[in-house]
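# Secondary and tertiary structure notes
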Amino acid sequence: MAKAPEEIIRDEIRALSAYHVPDGTGMVKLDAMENPYQLPSELRARLARLIEEAPLNRYPDPGAGALKARLRQTLGVPAGMELLLGNGSDELIQMLVLAGARPGAVVLGLEPSFTMFRMISTFVGARYVGVDLRENFALDAERVLAAIEQHKPGLIFIAYPNNPSGNLFDAGTIARAIEAAPGLVVIDEAYHPFAEKSFMVNLARHSNLLVMRTLSKLGLAGIRLGVLVGGGAWLAQLDKLRLPYNVNTLTQIIACEVLQHGQVLTEQAAAIKLERGRLLRELRSVAGVTTYPSDANFILFRISHAERVFDGLKQRGVLIKSLHGSHHLLADCLRVTVGTPDENAAFLAALTHTLNA
Ligand code: PMP
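Residues numbered from 1 in each chain as written. Predicted model: local features only at pLDDT ≥ 70, side-chain atom pairs only at ≥ 80, totals over all residues. Heavy atoms only, no water.

Moving on, we come to the sheet that holds strand β5 (residues 155-159). Ordered by their spatial adjacency, seven strands build an open sheet running β2-β8-β7-β6-β5-β3-β4, and the pairing between neighbours is mixed. One side of each edge strand has no neighbouring strand; the edge strands of this open sheet are β2 (82-86) and β4 (127-132). Each adjacent strand pair in this sheet contributes to an overall mean axis angle of 25 degrees, direction not counted. In this structure, β5 lies alongside strand β6 (residues 184-188), joined through five bridges in parallel fashion. Residue F157 lies in a different strand from β6, and its bridge partner there is V186. Docked against the sheet, helix α6 (residues 115-124) engages β3 (106-111), β4, β5 and β6, running at close to 160 degrees with respect to β4. In this fold helix α7 (residues 141-151) packs onto β3, β4 and β5, with an angle of close to 160 degrees to the strand it touches most, β4. (Pairing = 2+ DSSP bridges. Helix = DSSP H or I, 4+ residues; strand = E, 2+ residues; numbered from the N terminus. Axes fitted to C-alpha atoms, helices over the stretch in contact; angles between N-to-C directions. Contact = heavy atoms within 4.5 Å.)

A few words on the sheet that holds strand β10 (residues 298-302). Hydrogen bonds along the backbone pair up the strands of a sheet, which may run parallel or antiparallel. Spatially, four strands are ordered β9-β10-β13-β12 in an open sheet, and the strand pairing comes out antiparallel. Edge strands, defined here as strands with exactly one partner in the open sheet, are β9 (290-291) and β12 (321-322). Where β10 and strand β13 (residues 333-337) come together, five bridges link them in antiparallel fashion. Directly across from L300, in β13, lies its bridge partner R335. Sitting on the sheet, helix α13 (residues 306-315) is in contact with β12 and β13, with an inclination near 35 degrees to β13.

With that out of the way, let us pick up the packing of helix α12 (residues 263-284) against helix α14 (residues 341-356). Across the interface, α12 lies against α14 with an axial gap of 11 Å and an inter-helix angle of 10 degrees. One finds that α12 runs roughly parallel with respect to α14. Judged by residue contacts, E275, R278, L279, E282 and L283 of α12 engage P341, N344, F347, L348 and L351 from α14. A breakdown of the residues in the contact of α12 with α14 according to their chemical character gives six nonpolar, one polar and three charged. (Parallel < 35°, antiparallel > 145°, perpendicular 65-115°, else oblique. Nonpolar A, V, L, I, M, F, W, Y, C, P; charged D, E, K, R; others polar.)

Take the domain arrangement of the protein chain next. For the protein chain, the assigned domains read domain 1 (5-40 + 263-356) and domain 2 (57-261). Placing the centre of domain 1 and that of domain 2 at their C-alpha centroids yields a distance of 23 Å. Domain 1 puts 33 residues into the contact, and the matching count from domain 2 is 34 residues. Each partner contributes to the roughly 2700 Å² buried at the junction of domain 1 and domain 2, and carbon and sulfur atoms together form 65% of this total. Across the pair K273 and E196 runs a salt bridge, and its minimum N-O distance is 2.6 Å. Counting across the domain 1 and domain 2 interface gives 10 residue pairs in polar contact (both at pLDDT 80 or more). Listing elements by their share of the side of domain 1 that touches domain 2, those giving two or more residues are α2 (11-14), α12 and β10. Residue contributions to the side of domain 1 that touches domain 2 peak at eight residues, all from α12. Residue classes in the side of domain 1 that touches domain 2 are distributed as 18 nonpolar, eight polar and seven charged. (Domains from an automatic or database assignment. Buried area = accessible area lost by both parts, 1.4 Å probe. Salt bridge = Lys/Arg side-chain N within 4 Å of Asp/Glu carboxyl O. Polar contact = N/O pair within 3.5 Å; in protein donor to acceptor, adjacent residues only side chain to side chain.)

Computed from the structure, the largest pocket encloses a volume of approximately 1500 Å³. Taken together, 49 residues make up the lining of the largest pocket; nearest its centre are Y19, F114, T115, K321 and R335. Mapped onto the lining of the largest pocket, the elements with two or more residues apiece are α5 (89-100), α6, α9 (216-220), α13 and β12. With five residues, α6 is the largest single contributor of residues to the lining of the largest pocket. In the lining of the largest pocket, the residues fall into 21 nonpolar, 15 polar and 13 charged. Two domains each provide a minimum of three residues to the lining of the largest pocket, namely domain 1 (5-40 + 263-356) and domain 2 (57-261). (1 Å grid on protein atoms, 1.4 Å probe; cavity = no way out; pocket = protein on both sides within 12 Å on 5 of 7 lines; lining within 4 Å. Points joined across faces, edges and corners; volume = space filled by probe spheres on them.)

This brings us to the nonpolar core. Formed by 57 residues in total, the largest nonpolar core has its most connected members in L67, L71 and I174. In terms of residue count, the dominant contributor to this core is helix α11 (residues 249-260) (five residues). Composition of this core by domain shows at least three residues from each of domain 1 (5-40 + 263-356) and domain 2 (57-261). For L67, the contacting residues outside a window of four places in its chain are L85, L225, V247, Q252, A255, C256 and L259. Grouped together as the second largest cluster of nonpolar side chains are 31 residues, A190, L283, A296 and L334 included. (Core = buried A, V, L, I, M, F, W, Y, C linked by side-chain atoms within 4.5 Å. Buried < 20%, exposed > 50% of the residue type's maximum accessible area, 1.4 Å probe, protein only.)

The next point concerns the packing of α5 against α6. Close contact between α5 and α6 brings their axes to 9 Å; oriented N to C, the two are set at 45 degrees. Here α5 lies oblique to α6, going by the angle between them. Once α5 is placed against α6, the crossing between them reads as right-handed. Counted together, D90, I93, Q94, V97 and L98 of α5 and M116, F117, I120, S121 and V124 of α6 form the full contact between these two elements. Residues that form the contact of α5 with α6 fall into these classes: seven nonpolar, two polar and one charged. (Left-handed = near helix turned anticlockwise from the far one by under 90°.)

Listed below in structure tokens is the structure:
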């Protein structure tokens, strides 16, 4: 008789809870850091024509040459650096962890941060060590350097700006960590469109540094495209783990065309940043709310009975993210994505109603 899942599936996988994506149908959806704006209709019409002619009977361009050339320009990739593309940056994280997962290998991450660093390490059988941030979500230099010394991680992930806290860590402290690291350091710049700073320009200075970007937060979450930038010696090894044709034809065509008109997305990001300032000021004025500064397209805030507030918002048709219970530094914390002015107003109204109910 065939064996049951308990006998076949690894213990650490059975112990995981699946990455839960709630259904936001019909809701004001402010849970997933998406850009709330559609592309302009002329650009969408042009995409429709390109898709009509796309050779869908053929495999995609395996090297995605045209798209890489376009990305090189748009992202300002320094001369001499290479690019590796993924089906979202999630897939790039998976390739990185898989490549380094020799027995006893350690992946080091900061806590709280993007949960996929920990989850993918578990999938792959690597040992994940989480180093707590300070209470204000700043990087604790001494704690990080001590953890590097003790655990000698082959791979370190730093989200810059960080999710879910929204802040940029001190660049000097990150540089010290890169210099102290015995292995690779990946700076995950998923929220770069909403921050002024980047480690891209530091790539030439540190041979163990890689910078990761995504088009998801910029406005193309639906096409799934992540980009890893760094030295060719590292990327050539990682590329061996890439499944053939991981970036599909439609993604390549759409990304190429939209990036050629990249100004549209930059303008949308600027509007979101402006709205972030307004939302932050309004949230700050709500009694009982503590907000945290953000360089991303979302705001972390703390409020008593956060779970009840989250449920109250949901009942009123507004979906945000509750982080309560996910880490001790996030007790009573909620995270709201910056939406359109109307969506943000709906969120603030639902929050007021919930608190006065
Ligand atoms: N990195 C960070 C810090 C994120 O917050 C996210 C998504 N929430 C990702 C990576 C994954 O992005 P992608 O859509 O490119 O897989």
